[in-house]
Amino acid sequence: MRRIAIIPGDGIGKEVVPEAVKVLEWANRRFGLQLRLDYFDWGADRYLRDQVSLPADALEMFRREYSAILAGAFGDPRITDNRHAGDILLGLRTGLDLYINLRPVKLLDERRSPLKGRSAREIDFVVFRENTEGPYARIGGQFKRGTGDEVAIQEDINTRRGVERIVVAAFEYARAHGRKCVTMADKSNVLTYGHELWQRAFREVATRYPDVEARHQYIDAMAMFFVTDPGRYDVIVTNNLFGDILTDLGAGLVGGLGLAASANIHPGSVSLFEPVHGSAPDIAGKGTANPMGAILSASMMLEFLDALTAAAEVEQAVAECLKADETTVELGGRLGTSGCGDAIVRRLAVR
Ligand code: NAD
Ligand code: IPM
Ligand code: MN
């Protein structure tokens with residue numbers, strides 16, 4: 001038996017997670033995986049009710065008792081400083097030392113890309129986003145706040161250990177998955193301290209992987225080439241903030257945020273799976289959110305748990321639904337959130 005924590009969170013997180021759970025339940029039945037799902041109500045409502053965001057014993061509990069965590073999204077217009085989301089999401093990423101944020105950019109249905117005439121073969125790469133450092137370390141402060149002289153400082157943390165391990169993870173992934181090239185994106189032409197460290201770490205790690213091509217590109221140029229020539233990418237490695245921004249752009253390349261999945265991994269330890277999108281207050285509560293990003297995140301969880309066939313079949317079923325226009329409204333389909341989840345499970349059930 002393996003325990004899986006389910007944290008739907010806020011907004012459309014609460015709507016898409018039940019659809020991803022349907023897929024995990026299918027995998028349980030079909031492959032006898034014996035995943036036991038436990039629910040946690042952490043999110044904006046709980047925080048506003050009793051000030052609990054991430055309970056103090058949560059990290060230890062997950063480390064000891066759980067194999068994986070499935071989360072929805074965190075963010076609520078009532079909590080303007082985003083405190084609870086920081087505590088829960090960033091708290092889990094740093095507290096469980098989930099230093100790899102793996103975000104695939106894969107075109108499952110060629111009609112879904114806003115780019116003209118791009119084949120699925122061309123848009124198929126993965127982003128390794130460093131997940132514990134950069135400005136996300138939340139080190140800094142404010143001075144003379146609210147006055148005309150105020151100062152705000154937000155430090156950008158880049159440690160040799162932190163940079164090296166995400167670069168190693170990218171090269172290891174490339175080698176294990178037959179990917180030919182790792183491209184590191186930074187802004188070392190301006191950030192001559194922090195990103196110069198990235199440059200050295202990248203070059204040194206690359207020498208250990210002579211079978212994988214190592215390229216460097218400045219982040220601004222990469223943003224352009226994402227749109228004009230995405231076929232040049234195989235594996236990308238970058239820092240926390242650039243990875244955040246690039247992967248929403250990546251989601252745009254394959255059909256939008258409703259489709260993008262992610263894995264927050266510490267190899268060999270409890271890891272967290274979640275769609276790339278947020279709580280989408282503009283559509284929350286309507287039952288129209290696309291559950292495919294959450295379902296593909298469940299597929300990434302199944303892969304992490306070594307249920308490789310189940311993982312591949314879930315991705316295949318999502319691709320089939322996209323091609324058959326069994327989608328939610330933002331992609332031109334007619335299905336609601338749960339109808340879309342059901343359509344995917346229906347395709348899985350006949351395998
Ligand atoms: P968002 O990802 O929630 O939404 C951006 C746009 O994409 C919106 O128009 C939304 O309707 C659309 N969209 C997102 N997911 C969709 C889906 N599954 N189906 C259809 N359309 C979808 O980003 P935002 O609006 O910038 O942020 C909203 C809140 O979510 C904020 O509080 C933010 O901090 C938070 N957030 C949380 C996470 C997370 O928990 N991982 C990620 C991003 C943003
Ligand atoms: C994401 C989100 C988070 C991030 C926010 C909500 C803290 O945008 O998972 O991409 O910036 O990492
Ligand atoms: Mn983001």
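Provided above is the structure to which this section pertains.
A brief report on the enclosed structure follows.

Conventions used here
- Residues numbered from 1 in each chain as written.
- Chains lettered and ligands numbered in written order.
- Predicted model: local features only at pLDDT ≥ 70, side-chain atom pairs only at ≥ 80, totals over all residues.
- Heavy atoms only, no water.
- Near = heavy atom within 4 Å.
- Polar contact = N/O pair within 3.5 Å; in protein donor to acceptor, adjacent residues only side chain to side chain.
- Areas by Shrake-Rupley, 256 points an atom, 1.4 Å probe, with all protein chains shown as cover.
- Phe/Tyr/Trp six-rings, centres within 6.5 Å; stacked < 30°, edge-to-face > 60°.
- Helix = DSSP H or I, 4+ residues; strand = E, 2+ residues; numbered from the N terminus.
- Expected span 1.5 Å × (residues − 1).
- Buried < 20%, exposed > 50% of the residue type's maximum accessible area, 1.4 Å probe, protein only.
- 1 Å grid on protein atoms, 1.4 Å probe; cavity = no way out; pocket = protein on both sides within 12 Å on 5 of 7 lines; lining within 4 Å.
- Sits in = over half its atoms within 2 Å of the grid points.
- Nonpolar A, V, L, I, M, F, W, Y, C, P; charged D, E, K, R; others polar.
- Points joined across faces, edges and corners; volume = space filled by probe spheres on them.

Focus on the site of ligand 1
Part 1: Taken together, 20 residues surround ligand 1, and among them Phe74, Gly278, Ala280, Asp282 and Asn290 come closest.
Part 2: One of the side-chain N or O atoms of Glu274 is found 3.2 Å from a nitrogen atom in ligand 1.
Part 3: The contact in question runs from an oxygen atom of ligand 1 to an N or O atom on the backbone of Ala280, over 2.8 Å.
Part 4: Taken by itself ligand 1 offers 810 Å² of open surface, and the protein chains cover 67% of this.

With respect to the packing of aromatic side chains
Part 1: Enumeration according to the criterion identifies 13 aromatic pairs in this entry.
Part 2: An angle of 65 degrees between the planes, with centres 5.8 Å apart, marks the rings of Trp42 and Phe62 as edge-to-face. Taken as a pair, Trp42 in the loop between strand S2 (35-39) and helix H2 (44-50) and Phe62 in helix H3 (residues 58-65) lie far apart in primary sequence, 20 residues in all.
Part 3: Judged by centre distance (5.1 Å) and plane angle (20 degrees), the ring pair of Phe171 and Tyr209 falls under stacked.

Description of helix H9 (residues 292-304)
Part 1: Here H9 spans 18 Å end to end across 13 residues, near enough to the 18 Å set by a 1.5 Å rise per residue.
Part 2: Within H9, eleven of the 13 residues are buried, leaving the element largely enclosed by the surrounding structure.
Part 3: Buried within H9 are the following residues: Met292, Gly293, Ala294, Ile295, Leu296, Ser297, Ala298, Ser299, Met300, Met301 and Leu302.
Part 4: Phi turns positive one or two residues past the end of H9, at Asp306, with a value near 70 degrees.

A short note on the site of ligand 2
Part 1: For ligand 2, the full set of nearby residues is Arg93, Arg103, Arg129, Tyr136 and Asp244.
Part 2: At 2.7 Å, a side-chain N or O of Arg129 approaches an oxygen atom of ligand 2.
Part 3: Contacts to ligand 2 include Tyr136, whose side-chain N or O atom sits 2.5 Å from an oxygen atom.
Part 4: The fraction of the free accessible surface of ligand 2 (320 Å²) that becomes covered by protein chains is 76%.
Part 5: In a pocket analysis with a 2 Å cut-off to the grid points, ligand 2 is assigned to the second largest pocket.
Part 6: For the shell around ligand 2, a count of residues per class yields one nonpolar, no polar and four charged.

Points about the layout of surface pockets
Empty space among the atoms becomes visible once a probe the size of a water molecule is rolled across them.
Part 1: In this structure, the largest pocket occupies an estimated 980 Å³ of space.
Part 2: Around the largest pocket, the lining comprises 39 residues; the ones closest to its centre are Leu102, Tyr173, His177, Met300 and Glu303.
Part 3: Going through the elements one at a time, strand S4 (100-106), strand S5 (124-130), helix H5 (160-176), strand S11 (261-265), H9 and helix H10 (308-323) are the ones with two or more residues in the lining of the largest pocket.
Part 4: In the lining of the largest pocket, the residues fall into 28 nonpolar, four polar and seven charged.
Part 5: Forming the walls of the second largest pocket are 24 residues, and the residues nearest its centre are Asn82, Leu89, Leu90, Arg93 and Tyr136.
Part 6: Going through the elements one at a time, helix H4 (83-95), helix H8 (240-254) and strand S12 (271-275) are the ones with two or more residues in the lining of the second largest pocket.
Part 7: Top contributing element to the lining of the second largest pocket by residue count: H4, with seven residues.
Part 8: By residue class, the composition of the lining of the second largest pocket is nine nonpolar, five polar and ten charged.

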